[in-house]
Amino acid sequence: DTGVSQNPRHKITKRGQNVTFRCDPISEHNRLYWYRQTLGQGPEFLTYFQNEAQLEKSRLLSDRFSAERPKGSFSTLEIQRTEQGDSAMYLCASSLVRGRSGNTEAFFGQGTRLTVV
Amino acid sequence: AQSVSQHNHHVILSEAASLELGCNYSYGGTVNLFWYVQYPGQHLQLLLKYFSGDPLVKGIKGFEAEFIKSKFSFNLRKPSVQWSDTAEYFCAVNAQYNFNKFYFGSGTKLNVKP
């Protein structure tokens, strides 16, 4: 399967613990996004990378959250000192952006479901 | 910031019925528009997209959507639904001034009864 891959698929953690999720985008894609989805809502933007550069972060991304894409390929999202409100599905998506054109679609992974108990 | 509204949260239809799901967005400038579908247990998949040109867009599995700029709408339609169309449908928008983000609606759950 050459789609977007996310690991783990499910994570249960105790409040206060740190967790890290991994996303492997489609190989030739230069843009990578992280989204969060809670029950009954659509995905909400968290952050995105153009190659290895993190270019924008949402206000939803508190200082307990950090994302990296060290070599412009896979990305990690770490949540420190997890809280129950962090329980959600964390989605990764990737796209290929050419030049200044915005005409691109995002391809999504299956997500990591985080439950904080 | 952009907002995307999907007014129907849950739709129940019988097979062969026609479907129309509403989507309205708030941004007045040039936009790209998308419909994504999420089948049970699966990831979000693109159904169709609009960038420019013919406002009537045809997608996979017999779906189509019409962009009406004056109404800020991008409604999804299918003339005859099947049980296999049972899924959650999300409308998404990105603004051409800032195509770095996709804004999603809250989704519509479609349940097709056999």
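For every chain, the first residue of the written sequence is number 1, and numbering continues from 1 along that sequence. Ligands are numbered from 1 and chains lettered from A, in the order in which they are written. With the structure being a predicted model, the display of local features is reserved for residues of pLDDT at least 70 and the display and counting of side-chain atom pairs for 80 or more, all residues being used for whole-chain, interface and lining totals. To get the side-chain values, take all heavy atoms of the structure and skip hydrogens and water.

Quick word on the overall build of chain B
Consideration 1: Looking only at helices and strands, chain B has zero helices and 12 strands in total.
Consideration 2: Segments assigned H or I by DSSP are reported as helices when at least four residues long, segments assigned E as strands when at least two residues long, and all are numbered from the N terminus. Ordered by position in the sequence, the α and β elements of chain B form the string β-β-β-β-β-β-β-β-β-β-β-β.
Consideration 3: The atom set for the radius of gyration is the C-alpha atoms, and the globule formula is 2.2 Å times the number of residues raised to the power 0.38. Relative to the compact-globule value of 13 Å for 114 residues, chain B shows a C-alpha radius of gyration of 14 Å, a close match.
Consideration 4: In terms of principal-axis extent, the alpha carbons of chain B reach across some 45 × 25 × 20 Å.
Consideration 5: Exposure classes here rest on a 1.4 Å probe applied to the protein chains alone. A residue is buried below 20% of its type maximum, exposed above 50%, and partly exposed in between. Residues counted as buried form 51% of the 114 residues belonging to chain B.
Consideration 6: Residue contacts are defined here by distance: any two heavy atoms, one from each residue, within 4.5 Å place the two residues in contact. Contacts spanning at least 24 positions in sequence make up 55% of the contacts within chain B whose residues lie at least 6 apart.
Consideration 7: Computed with the Shrake-Rupley method and a 1.4 Å probe, the accessible areas treat only the protein chains shown as cover for residues. When the accessible surface of chain B is summed, it comes to about 5200 Å², and 52% of that surface belongs to carbon and sulfur atoms.
Consideration 8: Side-chain charges in chain B split into 10 positive and 7 negative, and the spacing between the mean points of these groups amounts to 5 Å. Charge assignment in this entry is limited to Lys and Arg as positive and Asp and Glu as negative, and neither His nor the chain termini are counted. Taken as the charge centre is NZ of Lys, CZ of Arg, CG of Asp or CD of Glu, depending on the residue.

With respect to the pattern of salt bridges
Side chains that carry opposite charge are capable of pairing whenever their charged atoms lie near each other.
Consideration 1: One side-chain nitrogen of Lys or Arg within 4 Å of one carboxyl oxygen of Asp or Glu is enough to make a salt bridge. Tallying each qualifying case throughout the model produces nine salt bridges over all chains.
Consideration 2: Across the pair K101 of chain B and E56 of chain A runs a salt bridge whose closest N-O atoms are separated by 2.8 Å. Here the residue K101 of chain B occupies a position in strand β11 (residues 98–104), and E56 of chain A occupies one in strand β6 (residues 53–57), the pair thus bridging two chains.
Consideration 3: When its relative accessible area of 16% is taken as the criterion, K101 of chain B is described as buried.
Consideration 4: The class of E56 of chain A is buried, set by a relative accessible area of 19%.

Describing the environment of S62 of chain A
Residues and elements named next belong to chain A.
Consideration 1: Structurally, the position occupied by S62 is in the loop between β6 and β7 (65–68).
Consideration 2: Overall, the relative accessible area of 27% leaves S62 in the partly exposed class.
Consideration 3: Distance from S62 to I79, taken between C-alpha atoms, is 9.3 Å for residues 17 residues apart in sequence.

Quick notes on the packing of aromatic side chains
Consideration 1: Here a pair means two rings of Phe, Tyr or Trp (six-membered ring of Trp) with centres within 6.5 Å. Their orientation is stacked below 30 degrees between planes, edge-to-face above 60, and tilted elsewhere. Under the definition given, this model contains 18 aromatic pairs over all chains.
Consideration 2: Judged by centre distance (5.7 Å) and plane angle (85 degrees), the rings of Y35 of chain A and F104 of chain B are edge-to-face. Taken as a pair, Y35 of chain A in strand β4 (residues 31–37) and F104 of chain B in strand β11 lie in two separate chains rather than in one.
Consideration 3: Judged by its relative accessible area of 10%, F104 of chain B falls in the buried class.
Consideration 4: The interplanar angle of 75 degrees and the centroid separation of 5.9 Å between the aromatic rings of F34 of chain B and F51 of chain B together place this pair among those described as edge-to-face. One end of the pair, F34 of chain B, is in strand β5 (residues 31–38); the other, F51 of chain B, is in the loop between β6 (45–50) and β7 (56–58), with 17 residues separating them in the sequence. Like F51 of chain B, F34 of chain B is buried.
Consideration 5: Connected via pairs of aromatic rings, a cluster forms that spans Y33, Y35, F45, Y48 and F108 of chain A together with F34, Y36, F51, F102 and F104 of chain B.
Consideration 6: For R22 of chain A, the ring lying beneath its charged end belongs to F74 of chain A, and the centroid distance is 4.0 Å. Any Lys NZ or Arg CZ found within 6 Å of a ring centre and within 35 degrees of that ring's normal is scored as a charge over the ring.

Some points on the interface of chain A and chain B
Consideration 1: If you look at the interface, chain A gives 24 residues, while chain B gives 22 residues.
Consideration 2: Defined here as a combined quantity, buried area equals the accessible surface (1.4 Å probe) lost by two parts on assembly, summed across both. Summed over both partners, the interface of chain A with chain B comes to about 1900 Å²; 54% of that surface belongs to carbon and sulfur atoms.
Consideration 3: Considering only the surface of chain A that becomes buried against chain B, N103, E105 and F108 of chain A emerge as the three largest contributors, covering 27% of it.
Consideration 4: One can count two salt bridges joining chain A with chain B.
Consideration 5: For this analysis, a polar contact is any N or O atom pair within 3.5 Å, provided that within protein one partner can donate a hydrogen and the other can accept it, and provided that sequence-adjacent residues contribute only side-chain to side-chain pairs. The interface formed by chain A and chain B includes four residue pairs in polar contact (both at pLDDT 80 or more).
Consideration 6: Of all the secondary-structure elements, those providing two or more residues to the side of chain A that touches chain B are β4 and β5 (44–50) of chain A.

Structural notes on the nonpolar core
Note on soluble globular proteins: their nonpolar side chains tend to be buried together.
Consideration 1: Among buried residues, those of type Ala, Val, Leu, Ile, Met, Phe, Trp, Tyr and Cys that are joined through side-chain atoms within 4.5 Å constitute a nonpolar core. Membership of the largest hydrophobic core comes to 29 residues, with the highest contact counts inside it found for L33, W35, L47, L48, F74, L76 and Y89 of chain B.
Consideration 2: Elements with a contribution of two residues or more to this core: β2 (10–14), β3 (19–21), β5, β6, β8 (64–68), β9 (73–78), β10 (87–95) and β12 (108–113) of chain B.
Consideration 3: Excluding residues that lie within four positions of it along the chain, L76 of chain B makes contacts with L19, E20, L21, W35, L47, L48, F63, E64, A65 and Y89 of chain B.
Consideration 4: Counting residues in each nonpolar core, the second largest holds 19 residues, with V19, F21, W34 and L77 of chain A among its members.

Let's talk about the side chain of T104 of chain A
Consideration 1: Here T104 of chain A lies in the loop between β9 (88–95) and β10 (107–108).
Consideration 2: Side-chain polar atoms of T104 of chain A contact the backbone oxygen of L96 of chain A, separated by 3.0 Å.
Consideration 3: If near-sequence neighbours (up to four positions away) are discounted, T104 of chain A is found in contact with Y33, S95, L96 and V97 of chain A together with F34, F51 and F102 of chain B.

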